[in-house]
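Observations on the model geometry
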Amino acid sequence: MSENKDPHVAEHGTSVEGVKFVYDFTEGNKDLKDLLGGKGANLAEMTNLGLPVPPGFTITTEACKVYLDSGEEPAALRDEVSAHLDALEARMGKKLGQADDPLLVSVRSGAKFSMPGMMDTVLNIGLSDKSVQGLAKQAGDDRFAWDSYRRLIQMFGKTVLGVDGELFEDALEAAKAAKKVTVDTELDAADLKKLVTKFKKIVKTEAGRDFPQDPREQMDLAIHAVFDSWNTDRAKLYRRQERIPHDLGTAVNVCSMVFGNLGPDSGTGVAFTRDPASGHQGVYGDYLQNAQGEDVVAGIRNTVPLADLERIDKKSYDQLMQIMQTLENHYKDLCDIEFTIERGVLWMLQTRVGKRTAGAAFRIATQLVDQGLIDEAEALTRVNGAQLAQLMFPRFDEDAKVQQVGRGIAASPGAAVGKAVFDSYTAVKWSRSGEKVILIRRETNPDDLDGMIAAEGILTSRGGKTSHAAVVARGMGKTCVCGAEELEVDTKRRRMTVPGGHVVEEGDVVSIDGSSGKVYLGEVPVVPSPVVEYFEGRMHPGADDADELVEAVHRMMAFADRKRRLRVRANADNAEDALRARRFGAQGIGLCRTEHMFLGDRRELVERLILADTDAEREESLKQLLPLQKQDFVQLFESMDGLPVTVRLLDPPLHEFLPDITELSVRVALAESRQEPHENELRLLQAVHRLHEQNPMLGLRGVRLGLVIPGLFTMQVRAIAEAAAERKAAKGDPRAEIMIPLVGTVQELEIVREEADQVIAEVEAASGAQLKLSIGTMIELPRAALTAGQIAEAAQFFSFGTNDLTQTVWGFSRDDVEASFFTAYLEKGIFGVSPFETIDKDGVGSLVKLAAKAGRETRPDLKLGVCGEHGGDPESVHFFHEVGLDYVSCSPFRIPVARLEAGRAAVQSQGSDHR
């Protein structure tokens, strides 16, 4: 082992001599979760606090890793377990499974991160045909003993021996039916004894072996079963969903049994120190008399509210309330507790920091600050951007009756209801007449922007989370479901066919859930979000429940803004989006995509520019576009007065501004067959063919357009400069930044910058204004990142375009790969998450880090930002903080999330520095 390794941790593939694999509950503490798992670490912590915890020991996650890697337990493990079992037996004054008064134990899983119900547990280990008699005699209760034995055979058979659990359930139901009772507590000792015989026969038949009578064999097999449960399909799926690493392994807790099924003065329950749904303080939980723990979880019998325990057993209730307060004060957080009462004696079986809803997380964090248990910095670690995003989107009423007809990719969260429309024109028309609509397309393109704005939500049968529909929808805070491939969209006939053959005609009402990707027929009631009302300035903190949540969010955002170093800008292309972004807390615009300004009524001018045969025709088209572009920028600079606005010059290939090649070909063919005039359509078709590229995303776009089409970029630079001058004359404070896209070499940037500087100088001379416009570039190609030191000689700022950088580093076609094979990659564990959602730190992130360092070595005052979709991703924001960027830029709706995560990143970074 290296000298920096924890001496208690085994290195895989090497000798594990000297490594400690088993810890008594008296030896650990809550900070050893990596080694003891959450359950073992917290059992040890409660033991240290002097709380009533049944004695036991924990087998470490390192033992599990060795077992899973080699297929065998570590050689030293059996002896260590034997030594701890001997100590436990000595403490309890009885032997495991002895014939008279047997010691019984539970074997429970316990990973570092809570995975409720995903791994295995076996109770009552040590019972056998002989020891069940001794247990009955010791307890003075035959029924209890045989009930415990049948539970062991059932759990052991299913968990350890792989017997179908339904066989045991069916036998239990048959026993109740024969007795004409409905609950298992009404079966007497004789009934349960017969059931044990039946269960043992099931084991023999299904497992091909007898139920083991040796208590140590039971325990060893159960330990191996818990290890194996780490790699069950359900456990792996849960880890993928929760983004828990697959190499952590699980600990195993061997705990002396206490019994809640000894009669009416016994029972089991779960408790929360606060309401995990709302965060409110009070008595929350469930209790079940005469039961063991799995009865509560399985819902076999109806529980009573925890508050009823005060009437049933006031002594235990009062003690539990005191322990709950002790645990919350000690952990300084909401605690989730499992307990058992054995004949009036309270035992604590587990505690952990409890899971909670997003709303509860914000409320509890601020409550704990007010109580003096945590400070503002710690409060920020208790909430996250994903929770805030969840609070911001409208949601469907979970209690409503629904008819689900499909499911796609959850591209942009929220709940949207409206009439189905199948083109942008109809969406706008119906919306203007007061109708709420859902725009349904096979896939969207820039031409659909008006319809997307008008619609309540967007549904496509193609595309993924970074498709046009998804990216634009997130930018607008619009609900979107993409890639619902089982839905057959026919835009020409204005209909959608769903599985089963039902046809959704234009005008039929549909509902889409952007948080789950589900599609429903008809209207599903929607619950609005008060948090968005707050960010929009339409709701203020108050006294009722909704306002209480708003108050908590308001305070947490203030905490984050005070702590963060990263500034947060918006991706916005028009004044309306810019104003909304400013209300949401944006500190400027990090990306204004000028291509969106060439759509709609201006398309004809762009077509003339593309079709121009002479310099004069091209210059005339640019001359007509100039005042329109200028006015766009005037409005944008006015809405962001005093804040930086980064304007990206035209980026997409020109063919995107022309009609579809198939559509044009049909129009030309029809016109020719009818002998109708079609000169313009023919010229357009020729232009489409001329501009056609096999891979347009790597073709004539970005800076290459500015170099190949004379006057294009200089027109845009002039529009920016004249707009800034106009705002200066109006006593405004424009702070424009001009960004050149897709630069791969410094020579490209030098040529464009020389032309831009000349135009800016001309405008300054004509207006008398000193504009102070900065010029920089997007770093979105691997070569740009690798030569960032050279490019910084000509750039005053870098903005990392991580969407395209991810595409070019991975060799992925963003619009295709999510639908074609990303699901398989996620399932196989190749990705933990899509690299288009969260920055790939090892690949793309390394280039960002390298370019940032090289750029600042050349130009120490180089401003660094990011404007890809990653700018609003919580985990990515932390990475950008770590590598020293100055700002992140994201869609307006994600600005609060980025602000919160920037604050959290600063706090966590400071915590790491102190450590």
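Every value quoted in this text rests on a predicted model; they were computed, and no experiment measured them.

Points about the overall build of the chain
A count of helical and extended segments in the chain gives 35 helices and 31 strands. Taken along the three principal axes of its C-alpha coordinates, the chain extends 105 × 65 × 55 Å. Of the roughly 38800 Å² that the chain leaves accessible, carbon and sulfur atoms contribute 47%.

Some points on the packing of aromatic side chains
With the rule as written, the count across this model stands at 26 aromatic pairs. Relative to F822, the ring of F812 lies with its centre 5.3 Å away and its plane at 70°, an arrangement referred to as edge-to-face. With F812 in the loop between α31 (802-810) and α32 (814-827) and F822 in helix α32, the pair connects residues that are 10 residues apart, well separated along the chain. With respect to burial, F812 and F822 carry one shared label: buried. With a centroid separation of 5.3 Å and 55° between ring planes, the pair formed by Y825 and F831 is classed as tilted. The exposure class of F831 is buried, given its relative accessible area of 5%.

Some points on helix α21 (residues 575-583)
Among the residues of α21, those classed as buried are A575, A578, R580 and A581. Where α21 begins, one side-chain oxygen reaches toward the backbone nitrogen of E576, 3.2 Å away; that side chain belongs to N574.

What about empty space enclosed by the protein?
Where empty space is left becomes clear once a probe the size of a water molecule has been rolled over the atoms. Here the structure, examined in full by the defined rule, presents 1 cavity of 30 Å³ or more. Quantified by volume, the largest cavity comes out at close to 40 Å³. Contributing to the lining of the largest cavity are E73, L77, R78, V81, D220, I223 and H224. Elements with a contribution of two residues or more to the lining of the largest cavity: α3 (77-92) and α8 (215-229).

Let's talk about the packing of helix α4 (residues 131-139) against helix α5 (residues 142-159)
Interhelical geometry of α4 versus α5 gives an angle of 145° and a closest axis separation of 7 Å. Crossing angle aside, the handedness with which α4 passes α5 is right-handed. Where α4 abuts α5, its residues V132, Q133, L135, A136 and A139 lie against D142, F144, A145, W146, S148 and Y149. Grouping the constituent residues of the contact of α4 with α5 by class yields 8 nonpolar, 2 polar and 1 charged.

Section: the environment of L654
The topology assignment puts L654 in the loop between β26 (644-648) and α24 (661-673). The class of L654 is buried, set by a relative accessible area of 8%. Each C-alpha atom, one on L654 and one on E595, is 9.8 Å from the other, the two residues being 59 residues apart in sequence. If sequence neighbours within four positions are ignored, L654 has contacts with I610, L691, L705 and I709.

Describing the sheet that holds strand β22 (residues 518-521)
Read from one edge to the other, the open sheet built from 8 strands follows the order β12-β22-β21-β14-β15-β16-β17-β13, with strand pairing classed as mixed. At either end of the open sheet lies a strand with only one pairing partner, and these are β12 (403-407) and β13 (409-412). Going across the sheet, the axis of each strand differs from the next one's by a mean of 30°, ignoring polarity. Sheet strands touched by helix α16 (residues 424-432): β14 (415-421) and β15 (437-441). Its angle to β14, the strand with the most contacts, is close to 110°.

Side note on the pairing of strand β3 (residues 105-111)
Among the 7 residues in β3, 7 count as buried, and that is most of the element. Here β3 shows no split at all, with V105, V107, S109 and A111 on one side and S106, R108 and G110 on the other all buried. Where β3 and strand β4 (residues 121-125) come together, 3 bridges link them in antiparallel fashion. Counterpart to V107 in the pairing with β4 is V122. Pairing analysis gives 7 bridges linking β3 to strand β5 (residues 250-256), with the strands arranged antiparallel.

Quick word on the nonpolar core
Across soluble globular proteins, nonpolar side chains have a tendency to be buried as a group. Core analysis: the largest hydrophobic core is formed by 138 residues, its most contacted members being F362, L388, V553 and I740. A per-element tally of this core places helix α27 (residues 712-729) first, with 10 residues. Not counting residues within four places of it along the chain, the set of residues in contact with I740 comprises L649, V703, F713, L749, V752, I775, G776, T777 and M778.

A short note on the state of the cysteines
Applying the stated criterion across every chain yields a total of 0 disulfides. Cysteine C482 remains unbridged, with the sulfur of C480 as its closest cysteine sulfur at 3.4 Å. What makes C482 buried here is its relative accessible area of 0%.

Re the confidence of the model for the chain
Model confidence for the chain is summarised by a mean pLDDT of 89, while 95% of its residues fall at 70 or above. Of the regions scoring below 50 in pLDDT, residues 1-15 engages in 24 contacts with residues more than four places distant in sequence or in other chains.

Side note on the sheet that holds strand β20 (residues 503-505)
Read across the open sheet, the 3 strands follow the order β18-β19-β20; overall the sheet is antiparallel. Lying at the two open borders of the sheet, with one neighbouring strand each, are β18 (488-490) and β20. Shown here is a sheet whose adjacent strand axes are inclined to one another by a mean of 15°, direction ignored. Pairing of β18 with strand β19 (residues 495-497) involves 3 bridges; the strand directions are antiparallel. Following the sheet pairing, V489 is matched in β19 by M496.

As for a negative patch on the surface
Residues D164, E166, E169, D170 and E206 make up a contiguous surface patch of negative charge. Mapped onto the elements, E166 comes out in helix α6 (residues 165-179).

Brief notes about the pattern of salt bridges
Applying the stated criterion across every chain, the model contains 58 salt bridges. Measuring nitrogen to oxygen at the nearest pair gives 2.7 Å for the salt bridge that ties K112 to D34. One end of the pair, K112, is in the loop between β3 and β4; the other, D34, is in helix α1 (residues 33-48), with 78 residues separating them in the sequence. Looking at K112, the relative accessible area reads 29%, which means it is partly exposed. E443 is paired through a salt bridge with R462; the nearest N and O atoms lie 3.8 Å apart. Placement of E443 in the loop between β15 and α17 (449-454) and of R462 in the loop between β16 (457-460) and α18 (468-476) is noted, with a sequence separation of 19 residues between them. According to the relative accessible area criterion, R462 is partly exposed, its value standing at 43%. It is possible to trace a salt-bridge network through shared partners that takes in R143, D147, R150, R151 and D184.

The rules behind the values
- Residues numbered from 1 in each chain as written.
- Predicted model: local features only at pLDDT ≥ 70, side-chain atom pairs only at ≥ 80, totals over all residues.
- Heavy atoms only, no water.
- Helix = DSSP H or I, 4+ residues; strand = E, 2+ residues; numbered from the N terminus.
- Areas by Shrake-Rupley, 256 points an atom, 1.4 Å probe, with all protein chains shown as cover.
- Phe/Tyr/Trp six-rings, centres within 6.5 Å; stacked < 30°, edge-to-face > 60°.
- Buried < 20%, exposed > 50% of the residue type's maximum accessible area, 1.4 Å probe, protein only.
- Polar contact = N/O pair within 3.5 Å; in protein donor to acceptor, adjacent residues only side chain to side chain.
- 1 Å grid on protein atoms, 1.4 Å probe; cavity = no way out; pocket = protein on both sides within 12 Å on 5 of 7 lines; lining within 4 Å.
- Points joined across faces, edges and corners; volume = space filled by probe spheres on them.
- Axes fitted to C-alpha atoms, helices over the stretch in contact; angles between N-to-C directions.
- Left-handed = near helix turned anticlockwise from the far one by under 90°.
- Contact = heavy atoms within 4.5 Å.
- Nonpolar A, V, L, I, M, F, W, Y, C, P; charged D, E, K, R; others polar.
- Pairing = 2+ DSSP bridges.
- Core = buried A, V, L, I, M, F, W, Y, C linked by side-chain atoms within 4.5 Å.
- Disulfide = S-S within 2.5 Å.
- pLDDT = per-residue confidence, 0-100.
- Patch = residues over 30% accessible without salt bridge, like charges linked within 9 Å, V, L, I, M, F, W, Y side chains within 5 Å.
- Salt bridge = Lys/Arg side-chain N within 4 Å of Asp/Glu carboxyl O.
- Lys, Arg positive; Asp, Glu negative; His and termini not counted.
- Charge placed at Lys NZ, Arg CZ, Asp CG, Glu CD.

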